[in-house]
2 protein chains.
Amino acid sequence: MFSKFLNMDKEKQDRIINAAIKEFAQKGYDNASTNEIVKEAGISKGLLFHYFQNKKQLYLFLYEHMIDILMEKIMENINWEEKDIFVRYRQIALLKIEIYKIYPEMLNFVKSIYKDSSPTVKIDINSRGKELFESSFNKLFSDIDLSKFKKGIDSKKAINIINWTVEGFAYQMQEKALSLSLEQIASDETMAEMEEYLEILRDSLYE
Amino acid sequence: MFSKFLNMDKEKQDRIINAAIKEFAQKGYDNASTNEIVKEAGISKGLLFHYFQNKKQLYLFLYEHMIDILMEKIMENINWEEKDIFVRYRQIALLKIEIYKIYPEMLNFVKSIYKDSSPTVKIDINSRGKELFESSFNKLFSDIDLSKFKKGIDSKKAINIINWTVEGFAYQMQEKALSLSLEQIASDETMAEMEEYLEILRDSLYE
DNA sequence: ACTGCCATTGACCTCTATGGTCAATATTGT
DNA sequence: ACAATATTGACCATAGAGGTCAATGGCAGT
């Protein structure tokens, strides 16, 4: 179906994907403009509709393709044997950086899918492998050893705190990314700072 | 200038304000539609342009008006004598609930102002009382007693963790708000849960 | 009951931008 | 050299944008 697109020059392919997921993530399906996508990708209008039947098919392709890649990256980067939450979150942080390097807007796009309220696209989304993906995604945060927390601490709340901290840090990094280069963002330095946050939380929340 | 609007029926006035700040916050100045605003507010197109010269004036009015109200609420709800960060954040949480009750999208709108990249509106924003507001806003988080943290904990990082926790909790509440009623959101129960989070952090981060 | 006045409506205007097409052209492999 | 494919961008019908305005509704004072 989309083999023609997937066999094209990889760099151009990624330019199109990045332009499209950015536009869809920012504006939602209905308000996303194919004109903006082709402008940002640096291709002609005709080419986009040469590879994709129409806007909807483009969106559905991106949906499947991004979730495929995300799940693949999760499987590659997460060690499921390791049940310690801080180790797990360290892996997740590395995972996010890994993803950011290829498709900076991918996680924003995936998040936006479920918010998107356009009926045009909603039905076709629900009928697919959504549950499979969601269960894998939830497993990231649920399959965790809770016995190490201090007594008296509600472990669900502790996990939320850790989660919000990692997300807050990642968000702050993404905001900085507008002014910094990719290398600076995905550097060891960034990872080291992240680990400092996790260390504070480990020292504070663990027995 | 806008006295005609400010003297009208308060309930209708708030319906218009809420519809407008929601649309602007979600789509940004350029992509926000006055048609959507009047539809959501339940008024005619003509009426909106009877009160506001044009889209830009509407936006600038909302900008000034929302910041005015926000600063007023800050002054009302924050006790500047109190330098303990957990007490301060408790006040901020109450403040947010207070604001949410009147204009649910107000904080999203204010945040969006600075992200908005439309040149049409950017110049007029910068020239106004932005600095005054920003300094008050920053004071919320800076004017804090740092001596109570455990030794060895970077207090800036600790503050970030607390901040991200409060924001994460608030965001989660706002997501739930789509399915729950206002009363349930702004309840004592919610506040109690928030305090539990702060208590975990206080026990963990303070000496 | 009549009048003057302002709030309010919605059909209407022009103009831009939308998703999508397609004949023409550039580029490629053999 | 030639066939096949990749790519372009002017073009189309249509929808939606911001904004206008003559017509209406309802109310206050006489």
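Here's a quick rundown of the structure. (Residues numbered from 1 in each chain as written. Chains lettered and ligands numbered in written order. Predicted model: local features only at pLDDT ≥ 70, side-chain atom pairs only at ≥ 80, totals over all residues. Heavy atoms only, no water.)

1. Quick word on the relation of the copies chain B and chain A
For the record, the criterion: All copies are superposed by least squares; the fitting set is the C-alpha atoms of residues with a pLDDT of at least 70 in both. Only heavy atoms enter the contact rule, under which two residues are in contact if any of them lie within 4.5 Å.
For the pair chain B and chain A, the best superposition has an RMSD of 0.1 Å and corresponds to a rotation of 180° with a translation of 0.1 Å parallel to the axis. Such a combination of turn and shift is consistent with a two-fold rotation axis. Rotation axis and chain B: the residue whose C-alpha lies nearest the axis is Ser 204 of chain B, separated from it by 2.4 Å. Comparing contact sets, 100% of the residues at the interface of chain B also lie at the interface in chain A, consistent with an isologous, same-surface contact.

2. Structural notes on the protein's contact with DNA strand D
Here is the rule we go by: Nearness is defined per residue: one heavy atom within 4 Å of the molecule or strand is enough. Between N or O atoms, a polar contact is any pair within 3.5 Å; within protein, one atom must be a potential hydrogen donor and the other a potential acceptor, and residues adjacent in sequence are included only when both atoms are from side chains. Secondary structure counts use DSSP, requiring at least four H or I residues in a row for a helix and at least two E residues in a row for a strand, with both numbered from the N terminus.
Taken together, 18 residues are adjacent to DNA strand D, and Lys 12 of chain A together with Thr 34, Asn 35, Lys 45 and Lys 55 of chain B come closest. Among atoms of DNA strand D positioned within 4 Å of the protein, sugar and phosphate together represent 55%. One nitrogen or oxygen atom from the main chain of Gly 46 of chain A is found 3.4 Å from a base oxygen belonging to DNA strand D. Ala 32 of chain B has a polar backbone atom sitting 2.8 Å from a phosphate oxygen of DNA strand D. Residue assignment for the surface near DNA strand D shows that the elements contributing at least two residues are α4 (45-51) of chain A together with α3 (34-41) and α4 (45-51) of chain B. For the surface near DNA strand D, the element with the highest residue contribution is α4 of chain A, accounting for four residues.

3. Describing the nonpolar core
Defined as follows: What is meant by a nonpolar core is a set of buried Ala, Val, Leu, Ile, Met, Phe, Trp, Tyr and Cys residues, joined one to another through side-chain atoms within 4.5 Å. To sort residues, take the accessible area from a 1.4 Å probe on protein chains only and compare it with the maximum for the residue type: under 20% means buried, over 50% means exposed, and anything in between is partly exposed.
Within the largest apolar cluster, 137 residues are counted, with the highest numbers of intra-cluster contacts made by Phe 24 and Ile 162 of chain A together with Phe 24 and Ile 162 of chain B. Each residue touching Phe 24 of chain B, except ones within four places of it in the same chain, is listed here: Tyr 29, Ala 32, Ile 37, Lys 55, Leu 58, Tyr 59, Leu 62, Phe 109 and Ser 112 of chain B.

4. Quick notes on the protein's contact with DNA strand C
Among the 18 residues in the neighbourhood of DNA strand C, the closest are listed as Thr 34, Asn 35 and Lys 55 of chain A together with Lys 12 and Tyr 51 of chain B. Restricting the count to atoms of DNA strand C within 4 Å of the protein gives a sugar and phosphate share of 58%. Within the contact set of DNA strand C, a phosphate oxygen lies 2.8 Å away from a backbone nitrogen or oxygen of Ala 32 of chain A. Per element, the largest residue contribution to the surface near DNA strand C is four residues, and it comes from α4 of chain B.

5. Notes on the packing of aromatic side chains
Residues and elements named next belong to chain B. Just so we agree on the cut-off: Note on ring pairs: Phe, Tyr and Trp rings are taken, using the six-membered ring of Trp, and paired if centres are within 6.5 Å. Classes follow the plane angle, with under 30 degrees stacked, over 60 edge-to-face and the rest tilted.
Tallying each qualifying case throughout the model produces 36 aromatic pairs over all chains. Judged by centre distance (5.0 Å) and plane angle (80°), the ring pair of Phe 86 and Tyr 206 falls under edge-to-face. Of this pair, Phe 86 sits in helix α6 (residues 85-102) while Tyr 206 sits in the segment after α12 (188-205); the two residues are 120 residues apart in sequence, bridging distant segments of the chain. Aromatic side chains Phe 137 and Phe 141 sit 5.7 Å apart centroid to centroid with 70° between the ring planes, which places their arrangement in the edge-to-face category. Within this pair, Phe 137 and its partner Phe 141 are both found in helix α9 (residues 130-142), separated by four residues, close to a single helical turn.

6. Section: the interface of chain B and chain A
Stated precisely, the cut-off is as follows: Defined here as a combined quantity, buried area equals the accessible surface (1.4 Å probe) lost by two parts on assembly, summed across both.
Each partner contributes to the interface: chain B provides 22 residues, whereas chain A provides 22 residues. Taking both sides of the interface into account, the surface hidden between chain B and chain A amounts to around 1900 Å²; carbon and sulfur atoms contribute 65%. In this structure, the connection of chain B to chain A is made through four residue pairs in polar contact (both at pLDDT 80 or more). Taken together, the elements giving at least two residues each to the side of chain B that touches chain A come down to α2 (10-31), α10 (155-177) and α12 of chain B. In terms of residue count, α10 of chain B provides more of the side of chain B that touches chain A than any other element does, nine residues in total.

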